[in-house]
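Remarks on the overall topology
Chain by chain, the residues:
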Amino acid sequence: MSNPFAALFNQNSDDVVPISDKPNNDVIEDYSSIEKSYFQKIFLFSDDITAEDIDDSLLTYLLDNDEPEVMYFLLDCFERLRTFSSDSEFHICAQRAIFTAATTALQSELYAAQSPPAKQLIASCLRHEFGKEFISQLSDYQMEFCPQMYGDIFSAVEQSVIYSSVLDSTQMVGLLTALIKNSKIGNLLFENFSKILITILSKSPLDTPELLAQGTTKDSVLAAGCSLQQSIANLFRHAISKNVLVHMWLADRAVDNASRAQLRGLNAVLPMGCIGDGAAFNLACVCLRLLRSFIKAPSDQSLLKINPSYLKIACSDTSVKERDDISCNLRLPASETCFIAQREWKVQVDSSFEAVCDMFHLTHRIFHLAFHRMHVRIGRMNQELHRLNEYYLERSRTTPLHSVPDEVMRAMQRFRSLQALMSEATFTELTFNFVTTTSRILGHYASVNHLSSELHTVQVPLGDSESLLHLFPEYMAHNIADFLLFTQRFNESARPTDDQIYHIQTFLLGFMCHKQRLANSSLRASLAECLELTVSRPGFKKIAEPDREAFEKLPSPDYVPIALVKLFIDIESGVSGDEMQFEEKFTYRRPVHKMLQMLWTIPRYREILLDLAKQACNGIHDADAPLFVHFVNLLLNDSVFLLDEAMQLIGQIRDSTQSADDPQLRHLLQYTRFHNVMADDIVATLRSLSNWADTRRLLMHPLFVERVASMLNYFLDRLVGSYRSQLTVPVQYREQEWKVQVDSSFEAVCDMFHLTHRIFHLAFHRMHVRIGRMNQELHRLNEYYLERSRTTPLHSVPDEVMRAMQRFRSLQALMSEATFTELTFNFVTTTSRILGHYASVNHLSSELHTVQVPLGDSESLLHLFPEYMAHNIADFLLFTQRFNESARPTDDQIYHIQTFLLGFMCHKQRLANSSLRASLAECLELTVSRPGFKKIAEPDREAFEKLPSPDYVPIALVKLFIDIESGVSGDEMQFEEKFTYRRPVHKMLQMLWTIPRYREILLDLAKQACNGIHDADAPLFVHFVNLLLNDSVFLLDEAMQLIGQIRDSTQSADDPQLRHLLQYTRFHNVMADDIVATLRSLSNWADTRRLLMHPLFVERVASMLNYFLDRLVGSYRSQLTVPVQYREQVGFKPKKLVANICHVMLNLADGDTDSSFCTAVARDNRSFSNTLLSRAEEVLVRISNSDEVAGDVTWETVERLQALDRRLSSLSSTVDLEEDIEAPDHMLDPIMSTLMTDPVILPTSNTTIDRSTITRHLLSDQIDPFNRQPLTLDMIVPNVELKQEIDVWLKTRKSNKSLPSREVEESLKSSTLEELD
């Protein structure tokens, strides 16, 4: 062969390609002599020279001639080589020779001198397909001991991955794999190349949707995805073999993307730092491939490698180094939700966890963060596809279509590509193995309460003894449910083995109805849906009807009907009071209905169901009613609700005048369809029950027969009687689901308006929170250094405070900039007007509606506006109140903003979020306490009087005060928050009492309350006073307990727990002051006094005032002494509290014409004594000159208190105290244990209770307190006979005070007989 290098170089040195960044060309005086030397020593051999000869010769030359400039020559060679054909033998030989020479020349002691050309050569190589071979030839010695070299290589690899248009993802991963020479280099790579790995993982159609819209075929998507996942898995395996901390890197990705688990909705913006769906999915697939050998066919012994103690370490604050030492890299929050509530558990691990245990937990976490969102995503794409199909189908009826529209084709292509990616055969196989393995592990640890050396054979039903499921995160069950439901809906090719189905079904049956094994009721309902999938699609094949044979093959068949009935009942207990969850329970029960209908057709299961019915008939009146009694009761409840709701909705559709494209009508049609489908399922279940004698006997039991009969009569009459004409559905809506249709396009300004709101929300809310935190930190630093200065004088402001102040002032100035403030006020005002308009209409109109407050209750278009628009208004106004003193909105802007705030803050049909409505009230308080947004000392009466719709202002505030209660869930944080939400309401109400116009409206509300206090729908002010008293008792009592804790505390002033306790106590004291001030305002006026002294409230008011006055002036007061150094911090004002409580008592006593209040005060044996008011009098005299109560306590006050003391002393000597002679038990209220004065019967539980007791209860919760059934005030029935008996007993008691108890009872019996005669 001819010399392969002869054509590469010629003898003329002028033809050499110059190197632009060569540091000093003068170093080589005769560049051509080097060329000539190379030709003589290497290239001018005979024609039969081989590639090996070239390599050896060039290597020998380089070793013998230690030339520092040799890399420049090799770079010239490389640049010239690129001009030749890449597939020629000459090109291959020359390339290998150059690479061999370069790797030999890259010695640590020479690299610094050769760095510039070497870096160029490395970068050039890595951007082409032979970069992997180049890196592979470098020794790990060179890489490890020459930091500059591997730094340049890392940089070159990063550039090649990001910018290369030649290498595909697999080749890029190959580069990284070759680069990992040992653990040190590998760890450096994973530490520095995290972004690069994420970039490669993101090369997926999920994160680059344009790939799916550019003619990409399904096969190409699958091939690219699988190749990428496998190559990355190989990279990770290679790294693990080199002892690289791959598990730690995976754990870091799980922590970085933890917020993906909180995303609600497909269009939710991914938080900063989160990877996209494609990268997350690819990472989950890689984890499954790494776990392949463990999950493929695990032995019983290998499953025990999953140690439950792992979660305790994962949720602890163990350091990263310690975690790595024991192979527990996953980091979870301490509050991570588990299958059941966490409890104490001693970590049991001898040395470290198995690596497979670490990988198992990491895989579950990453799978959860990836797959759930993708499942939602493909579901939404499927819905969009159906919507487009129906839209164009409707259009085709008027305008024939000659081909499938491009929009439909693109949507179909995107859906099919994503479906193919998620249904890929290897992924499906691995995930079924993963789900099966997980099911077996969870089943084992659900059956034991300790670590064991043998795998437990799972028996369904699972027992009720303690298990280890508090050590497994709930998202493992979510992963199982998500995958199985996706497979049911979108993966027709899935074919799990019989063994896999058996283990999965055992898990589903064991957990779906066992709340001691899985607390989340909605998740258990999802598992039931999964079970229904495994029997309605045996082998996961598409079939027309559920398969009887599959039902008969279920594990633990004797338990299947019981499990379904138990789950049906348990779903009810998992439903909270909000409407969404109430509707969801019917969706959760649907798979149960479908399976029960099949079970009735199979003799074995039917016999079990009938046996349950027999047990129900025999034990229907037992204290613990049998299972089937609860089942039938709930079934009837659901039947009545769904059928009635469906018929009402059909009537609304029939009477609707909206166009077919109206969003509200489309929503109504979908909502109606939902109720009809659910009603059909329930009626079918009822029919199954009516087919058999035992279930018929239960339905005809006296407990149910009237409900069943009236329900059947009612709905039959609606369907065939005179009402049936109202159930005629217009033809066009009978089968149709609604489509979205836009006639032309939206205005550009509409697009920009919505975009601005979205971006403003993403930016401003976080900045508002940030400046609030900075302000808190500044206050904390000031207090800290102020405390220090008391012992160590400070000669200047500390640097830490100066820096914090500088950061705060800079951010404050930026957010308060004049132009931004002006534009945002315009933006907020415009938004307020737009939202006010669409809150007042239910259709598109050509004229802007003049907003009238209060807003009506008719339907509106607010379901088409995102809630964050109201958040934006609230955030900006609250920031302006707190931090922007220079803001000056116009009167017109304030008017429109106030109109919006008044209209929305108390109208839950216009804004459902109660905490957001409370924020709007705080904004309203800002606009009146700071008119023109100026800083003033006191709220401005004139600003209050100028509010729009002034007659509605007091009503709005009272309504909001009440509504806040219904928005509070059971958790402690929200319970405490409601007091914060109510504070601006208290402050505004206190001002309203001082303004005659508003005061008259409040007093009118109080009159209505007195007149209608026992109405079925109690007046507004009754609810208000009831909640006010509840809050008063809680806050005052809590504040006093917290003060006792501070007094007894031995912690130092710097202790974080003590600081938190001080802040918490201050919160309760401030709230309590507001509430007592509001109570005092109520006591000032005759109409409100009359309400407070109504029999419904008077005893509560009297006992509350007695109790807290006794705590403040009695023997307990010494325990309320706050240490001097904490008095200002806790905000406790005992003098003001004593004065306010005394004024409330005096005001009520002044209006107590029938002595009801004074009698209630004197009867209160718990706190009242004859010395209580005299002690209060002494305290008032002592504090009368205090600044805290300046002008509020006068000699007139003391004299009035003395007169009240004398009145109570006189009254207490004549009051009949109930405890002198015990009343018979049946005359005592079952809750309060006091003598009933107006006994009534609760029809839902047949319990007799005093009217005042049940009225107070129903004001807060409209359910029967004895059986939790719905109950309203109009349902209760007076117990006339018992009332007469009590009256007779009281009459006899008064005339027989001196008789012993037995004689009184005998006298009572005879008197009762005489009265009855």
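Glancing now at the overall build of the chain. Of the regular secondary structure elements, the chain holds 54 helices and three strands. By the burial criterion, 51% of the 1317 residues in the chain qualify as buried. Once local pairs closer than 6 in sequence are excluded, the contacts in the chain between residues at least 24 apart make up 76%.

Turning to the confidence of the model for the chain, a few remarks are in order. Summing up the model confidence of the chain, the mean pLDDT is 76 and the portion of residues at 70 or higher is 73%. No element of the chain has a lower mean pLDDT than helix H1 (residues 31-43), which averages 35, and none a higher one than helix H35 (residues 818-838), which averages 92. Ignoring residues within four places in sequence, the model shows residues 1-59, a span with pLDDT below 50, making 87 contacts including any to other chains. Note on residues 969-973: pLDDT under 50 across the span, and two contacts to partners over four residues away in sequence or across chains.

Trans is the prevailing form of peptide bonds, just as negative phi is the prevailing case for residues other than glycine. With an omega of 5°, the peptide bond running from Val-460 to Pro-461 counts as cis. On the secondary structure map, Pro-461 appears in the loop between helix H21 (425-445) and helix H22 (475-490). Here the amide bond leading from Val-853 into Pro-854 is cis, since omega sits at 10°, within 30 degrees of zero. Tracing the chain through its elements places Pro-854 in the loop between H35 and helix H36 (868-883). Phi is positive for Ser-327, which is not a glycine, with a value near 55°.

Turning our attention to the nonpolar core. With 161 residues, the main nonpolar core has Phe-236, Leu-250, Phe-472, Phe-511, Met-512, Phe-628 and Phe-631 as its most contacted residues. Residue contributions to this core peak at 16 residues, all from helix H19 (residues 355-396). Formed by 151 residues, the second largest nonpolar core is a distinct cluster that contains Leu-811, Leu-924, Ala-943 and Leu-1146.

This part covers the sheet that holds strand S1 (residues 1239-1242). Here we have three strands laid out as an open sheet, ordered S2-S1-S3, and antiparallel in their pairing. Looking at the sheet topology across the chains shown, the edges are occupied by strand S2 (1247-1250) and strand S3 (1277-1278). Pairing between S1 and S3: two bridges, direction antiparallel. Bridge pairing in S3 places Val-1240 opposite Pro-1278. Contacting S1, S2 and S3, helix H52 (residues 1251-1260) runs over the sheet at an angle of about 90° to S2.

Topologically, Asp-694 is positioned in helix H31 (residues 693-699). With residues near it in sequence (within four places) discarded, Asp-694 still touches Leu-610, Ala-613, Lys-614 and Cys-617.

On to the packing of helix H46 (residues 1098-1113) against helix H48 (residues 1134-1150), then. Contact geometry of H46 with H48 gives a least axis separation of 10 Å together with a crossing angle of 145°. Along this stretch, H46 crosses H48, giving a crossing that reads as left-handed. Where H46 approaches H48, its residues Val-1101, Leu-1105, Asn-1106, Phe-1108, Leu-1109, Leu-1112 and Val-1113 are matched on the opposing element by Pro-1134, Leu-1137, Val-1138, Ile-1141, Cys-1142, Val-1144, Met-1145 and Leu-1148. Within the contact of H46 with H48, the residues separate by chemical class into 14 nonpolar, one polar and no charged.

Residue pairs spaced three or four apart in an α-helix point in one direction, given the helix's 3.6 residues per turn. For helix H50 (residues 1172-1183), with 12 residues, the first-to-last C-alpha span of 17 Å sits near the 16 Å given by 1.5 Å per residue. Among the residues of H50, those classed as buried are Leu-1172, Leu-1173, Ala-1176, Glu-1177, Val-1179, Leu-1180 and Ile-1183. The buried residues of H50 occupy an angular sector of 165° when the element is viewed end-on, so they sit on one face.

This paragraph deals with the pairing of S1. Alignment of S1 against S2, held across four bridges, turns out to be antiparallel. The residue bridging Pro-1239 from the neighbouring strand is Asp-1250, located in S2. Hairpin connection between S1 and S2: a loop of four residues separates the two successive antiparallel strands, and Asn-1246 in this loop has a positive phi of roughly 60°.

Now for the packing of H48 against H50. The geometry of H48 relative to H50 is characterised by a closest axis approach of 10 Å and an angle of 125° between their N-to-C directions. On the basis of their axis angle, the class for H48 and H50 is oblique. Where H48 crosses over H50, the handedness of that crossing is left-handed. Counted together, Lys-1135, Val-1138, Ala-1139, Cys-1142 and Met-1145 of H48 and Leu-1173, Ala-1176, Val-1179, Leu-1180 and Ile-1183 of H50 form the full contact between these two elements. Among the residues making up the contact of H48 with H50, the classes are represented as nine nonpolar, no polar and one charged.

In this section: the packing of aromatic side chains. In the structure shown here, the tally under the stated rule is 36 aromatic pairs. Ring centres of Phe-371 and Phe-483 lie 6.3 Å apart, and the angle between their planes is 55°; this geometry places the pair in the tilted category. With Phe-371 in helix H19 and Phe-483 in helix H22, this residue pair connects regions lying 112 residues apart in the sequence. In this structure, Phe-371 and Phe-483 share a single accessibility class: buried. Following the ring pairs from residue to residue traces out a cluster consisting of Phe-281, Phe-294, Phe-360, Phe-367, Phe-371, Phe-415, Phe-427, Phe-432, Phe-434, Phe-483, Phe-486 and Phe-490. Positioned over the ring face of Phe-568 is Arg-589, at 4.3 Å from the centre of the ring. A cation over an aromatic ring shows up here: Arg-982 above the ring of Phe-961, its NZ or CZ 4.3 Å from the ring centre.

Cut-off values and rules
Residues numbered from 1 in each chain as written. Predicted model: local features only at pLDDT ≥ 70, side-chain atom pairs only at ≥ 80, totals over all residues. Heavy atoms only, no water. Helix = DSSP H or I, 4+ residues; strand = E, 2+ residues; numbered from the N terminus. Buried < 20%, exposed > 50% of the residue type's maximum accessible area, 1.4 Å probe, protein only. Contact = heavy atoms within 4.5 Å. pLDDT = per-residue confidence, 0-100. Core = buried A, V, L, I, M, F, W, Y, C linked by side-chain atoms within 4.5 Å. Pairing = 2+ DSSP bridges. Axes fitted to C-alpha atoms, helices over the stretch in contact; angles between N-to-C directions. Left-handed = near helix turned anticlockwise from the far one by under 90°. Nonpolar A, V, L, I, M, F, W, Y, C, P; charged D, E, K, R; others polar. Expected span 1.5 Å × (residues − 1). Arc of directions from axis to C-beta. Parallel < 35°, antiparallel > 145°, perpendicular 65-115°, else oblique. Phe/Tyr/Trp six-rings, centres within 6.5 Å; stacked < 30°, edge-to-face > 60°. Lys NZ or Arg CZ within 6 Å of the ring centre and 35° of its normal.

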